[in-house]
Protein chains: 2
Amino acid sequence: MSPRSNGGFLITIFAATMTRTEKPSLEVCLSPALLHLYDTKGAIVVIIDIFRATSTITAALHNGAESVIPVASVSDCIAIGASLPNSLTAGERDGKVAEGLQHGNSPLEYPTSFVSGKTLVLTTTNGTRLLHMVQDAAEIVIGSFLNLSVLCEYLLKQDKNILLGCASWKDKFNLEDTLFAGAVVHRLQHAFEVNCDAARGARHLYNCSGGDHFIEFLKDSSHYRRLSAFGLERDMEYCVTADLHPVVPRLQGDRIVAI
Amino acid sequence: MSPRSNGGFLITIFAATMTRTEKPSLEVCLSPALLHLYDTKGAIVVIIDIFRATSTITAALHNGAESVIPVASVSDCIAIGASLPNSLTAGERDGKVAEGLQHGNSPLEYPTSFVSGKTLVLTTTNGTRLLHMVQDAAEIVIGSFLNLSVLCEYLLKQDKNILLGCASWKDKFNLEDTLFAGAVVHRLQHAFEVNCDAARGARHLYNCSGGDHFIEFLKDSSHYRRLSAFGLERDMEYCVTADLHPVVPRLQGDRIVAI
């Protein structure tokens, strides 16, 4: 081996080492109550609220909504809706359209014919709260089964640390958000450093869910039980169908828009 | 059917219904930072810190230690040890015996010939903290793979709500504590109301761990990586071996003793 080729060999090894150690990190936060344990500075945070906030946001934007404004309270939702032309107010409490609002929290309520060109002012509890808690991220995007593949493709291209943030249910771990996080970890792990037990646990959950039969897997979950008591089985089945709405929603200022 | 036998039939149905709805609850708390979300009043709380506090406590008590006093700080450990005849002080920081203490945090360090009749004053971080956080439980017991079967038998007999409390790692979800919680849920679920996604998730994790090959499953975990850097592989393998030390440790006052 000539000195030159040997040098090239060493550079190759060095480059390979650099590539390996420079992988960005991929972590999962299982509850907003644990968010303070993670460093979100400069990272991309994916907000996950499968049943149903992030599914509804994804569907509405893919169906042509101009933007979605996430707000915490019903009163804010009413006030913002009243001040914005061409807007819809939406949100539920206990499975029913909240008093004073026009529409519900179902992705099925927002077909193109209805939502195109409009601004959806949406109040949810868990998802909106987590979204407002993240302060210093480089970017906040929205994840749901409805945009699984296109979201993963987007994240792979960014070369940034990623935190998958589960909205959970009143701070308690939930299966559906974690299952989705596991689906993302499964797809991205080759390109990221995954030294996070929550990410490993989510991936195990995804692996033992039997692949794509998510709804069967989730029938024994707290949220499925709660929402099926309101007759929302069809909604939930829709929410766990992969890739129906290939769009990546991103927070810009106080609005979520399609990238 | 006579009126009398019909009445008996109804009573039987009623009794069956009562039995079903009166099952105590079984829940899993994945991190001390989530403990406030659970109602521990009157419940049995099982403290789980597989690597390695609760494994060491179980081993020491089964090997004849009179009691274990769990303390939060090294200085408390030294002070209490100095005031107690026939006591041992123990605790590690970063995989080494902490300065000023006599022994480490390995279950293998406490064979009968060494620990019998003595009081072990033990300082740990995550496990001790969770133990001290639980205020109003009917009972606090100690769980580890080393006492899995006898613990489950004990819990089945008590007819109380149960919270399995994972000590986690600096409040972050960990695989080994959750895996153990899943093993307990798997064994107890028939006798309890399990409407808790963390319990379901833990059970799924246990089910996909391949049964008893816990150490293989855990080799890809944050704690295994961290502790194997200190050469503690044998310790960890010991800690995940089921039923080596069939004893149920319980907190009484400030001491943990064998029931």
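Here's a quick rundown of the structure. Computed from a predicted model, the values in this text were never measured in an experiment. (Residues numbered from 1 in each chain as written. Chains lettered and ligands numbered in written order. Predicted model: local features only at pLDDT ≥ 70, side-chain atom pairs only at ≥ 80, totals over all residues. Heavy atoms only, no water.)

Description of the overall build of chain A
Put simply, the rule is: Secondary structure elements follow DSSP: runs of H or I of four or more residues count as helices, runs of E of two or more count as strands, with numbering from the N terminus. Here the globule rule is a power law, 2.2 Å times the number of residues to the power 0.38, and the radius of gyration is based on C-alpha atoms. Burial classes: relative accessible area under 20% of the type maximum marks a residue as buried, over 50% as exposed, and values in between as partly exposed (1.4 Å probe, protein chains only). Any two residues having at least one pair of non-hydrogen atoms within 4.5 Å are treated as being in contact.
The helix and strand inventory of chain A stands at eleven helices and ten strands. Over its C-alpha atoms chain A spans a radius of gyration of 20 Å, differing by no more than 12% from the 18 Å that the globule rule assigns to 259 residues. Across its three principal axes, chain A shows a C-alpha extent of roughly 80 × 40 × 35 Å. By residue count, 53% of the 259 residues in chain A fall in the buried class. Counting only contacts in chain A whose residues sit at least 6 apart along the sequence, the fraction spanning at least 24 positions is 77%.

Concerning the packing of aromatic side chains
For any pair of aromatic rings, the description consists of the separation of the ring centres together with the inter-plane angle of the planes. What counts here: Only rings of Phe, Tyr and Trp enter the pairing, Trp through its six-membered ring, and a pair is recorded when the two centres are within 6.5 Å. The plane angle decides the type: under 30 degrees is stacked, over 60 is edge-to-face, the rest tilted. In this scheme, Lys NZ or Arg CZ marks a charge over a ring once it lies within 6 Å of the ring centre and within 35 degrees of the ring normal.
Using the criterion set out here, one finds eight aromatic pairs over all chains in the structure. Here the aromatic residues F145(A), F180(A), Y206(A) and F214(A) are joined through ring pairs into a cluster of three or more. Directly above the aromatic system of F114(A) lies the positively charged group of K118(A), at a separation of 4.9 Å from the ring centroid. Taking the ring centre of Y38(B) as reference, the NZ or CZ of K172(A) above it sits at 4.5 Å.

Brief notes about the interface of chain A and chain B
Condition: Summed over both partners, the accessible surface that disappears when two parts come together, traced with a 1.4 Å probe, is what is meant by buried area. Only one rule defines a salt bridge in this text: a Lys or Arg side-chain nitrogen within 4 Å of an Asp or Glu carboxyl oxygen.
Taken together, the 31 residues of chain A in the interface contact 31 residues of chain B. Between chain A and chain B the total buried area reaches about 2,400 Å² when both faces are included, carbon and sulfur atoms providing 56% of it. Counting the surface chain A buries against chain B, the share from its top three residues, K172(A), F173(A) and D197(A), is 24%. In this assembly, chain A and chain B are joined by eight salt bridges. Notably, a salt bridge pairs K172(A) with E27(B), separated by 3.7 Å at the nearest N-O pair.

A closer look at unusual backbone geometry
Both trends apply: most residues other than glycine have a negative phi, and most peptide bonds are in trans. Between F51(A) and R52(A) the backbone carries a cis peptide bond, its omega angle lying at 5°. Relative to the helices and strands, R52(A) resides in the loop between β2 (44-48) and α2 (53-62). The phi angle at D159(A) is positive, at roughly 55°, despite the residue not being glycine. With respect to the helices and strands, D159(A) occurs in the loop between α6 (148-158) and β8 (162-166). Residue class for D159(A) comes out exposed when judged on its relative accessible area of 59%. Although it is not a glycine, N86(B) adopts a positive phi angle of roughly 60°. Mapped onto the elements, N86(B) comes out in the loop between α3 (74-83) and β4 (87-93). Given the relative accessible area of 49%, N86(B) is considered partly exposed.

What about the packing of helix α7 (residues 175-188) of chain A against helix α8 (residues 197-207) of chain A?
If you want to describe how two helices pack, look at the angle between their axes and the distance between the axes. Residue and element names in this part refer to chain A. As a reminder of what qualifies: Lines fitted to C-alpha atoms define the axes here, with helix axes fitted over just the stretch in contact, and angles between the N-to-C directions of these axes take values from 0 to 180 degrees. Should an angle lie under 35 degrees it is considered roughly parallel, over 145 roughly antiparallel, and from 65 to 115 roughly perpendicular; all remaining angles are considered oblique. Amino acid classes used here: Ala, Val, Leu, Ile, Met, Phe, Trp, Tyr, Cys and Pro are nonpolar; Asp, Glu, Lys and Arg are charged; the rest, including Gly, are polar.
Put simply, α7 and α8 touch, their axes get as near as 7 Å, and they point 95° apart. In terms of orientation, α7 and α8 fall into the roughly perpendicular class. Residues L175, T178, L179, A181, G182, A183, V185 and H186 of α7 touch α8, and the partners they reach there are A199, A202, R203, L205, Y206 and N207. Partitioned by chemical class, the residues of the contact of α7 with α8 number nine nonpolar, four polar and one charged.

Topic: the pattern of salt bridges
Pairs can form between side chains of opposite charge whenever their charged atoms are close. Under the criterion given, the structure shown has 22 salt bridges over all chains. Between R129(A) and D171(A) there is a salt bridge whose closest N-O contact spans 3.0 Å. Note that R129(A) is positioned in helix α5 (residues 126-133) and D171(A) in the loop between β8 and α7, a separation of 42 residues in sequence. On the basis of relative accessible area, R129(A) is assigned to the partly exposed category, the value being 36%. The network of salt bridges with shared partners includes E193(A), D197(A), R200(A), R203(A), D220(B) and R225(B).

Structural notes on the relation of the copies chain A and chain B
What connects the two chain copies is a rotation about an axis and a shift along it. The cut-off we apply is this: C-alpha atoms of residues with pLDDT of at least 70 in both copies form the basis for the least-squares superposition of the copies.
Mapping chain A onto chain B calls for a screw motion: a turn of 180° about the axis and a shift of 0.0 Å along it, with 0.0 Å RMSD after fitting. The two molecules are tied by a two-fold rotation axis, judged by turn and shift. Of all interface residues in chain A, 100% are interface residues in chain B too; the two copies therefore contact each other through one and the same surface.

A look at the environment of L88(B)
Residue and element names in this part refer to chain B. Relative to the helices and strands, L88 is located in strand β4. The spacing of L88 and V121 is 33 residues in sequence and 5.9 Å in space, taken between C-alpha atoms. If sequence neighbours within four positions are ignored, L88 has contacts with Q102, H103, Y110, F114, V115, K118, T119, L120 and V121.

Observations regarding the pairing of strand β3 (residues 67-71) of chain A
Residue and element names in this part refer to chain A. Applied cut-off: In this analysis, strands are considered paired if DSSP registers two or more bridges between them.
Counting buried positions over the five residues of β3 gives five, a clear majority of the element. Burial along β3 is two-sided: S67, I69 and V71 facing one way and V68 and P70 facing the other are all buried. Relative to strand β6 (residues 119-123), β3 runs parallel, the two being bridged by five bridges. When the bridges of β6 are listed, I69 appears paired with V121.

Thoughts on the nonpolar core
Rules: Residue types Ala, Val, Leu, Ile, Met, Phe, Trp, Tyr and Cys, when buried and joined through side-chain atoms within 4.5 Å, form a set referred to as a nonpolar core.
Counting 144 residues, the largest nonpolar core has L155(A), L164(A), L155(B) and L164(B) as the members making the most contacts within it. Setting aside anything within four residues of it in sequence, one finds L164(B) in contact with L26(B), E27(B), V28(B), C29(B), V46(B), I48(B), A181(B), V184(B) and V185(B). With seven residues, the next largest nonpolar core counts I69(B), A98(B), L101(B) and V121(B) among its residues.

Things to note about the packing of helix α6 (residues 148-158) of chain B against helix α7 (residues 175-188) of chain B
Residues and elements named next belong to chain B. In plain terms, the rule: Handedness of a crossing follows from how the near helix is turned relative to the far one, being left-handed for an anticlockwise turn of less than a right angle and right-handed for a clockwise one.
One can describe the packing of α6 onto α7 by two numbers: an axis separation of 10 Å at closest approach and a directional angle of 50°. When the axes of α6 and α7 are compared, the pair comes out oblique. In this structure, α6 meets α7 at a crossing whose hand is right-handed. Counted together, L148, S149, L151, C152, L155 and L156 of α6 and F180, A183, V184, R187 and L188 of α7 form the full contact between these two elements.

These figures come from the coordinates and say nothing about function on their own.
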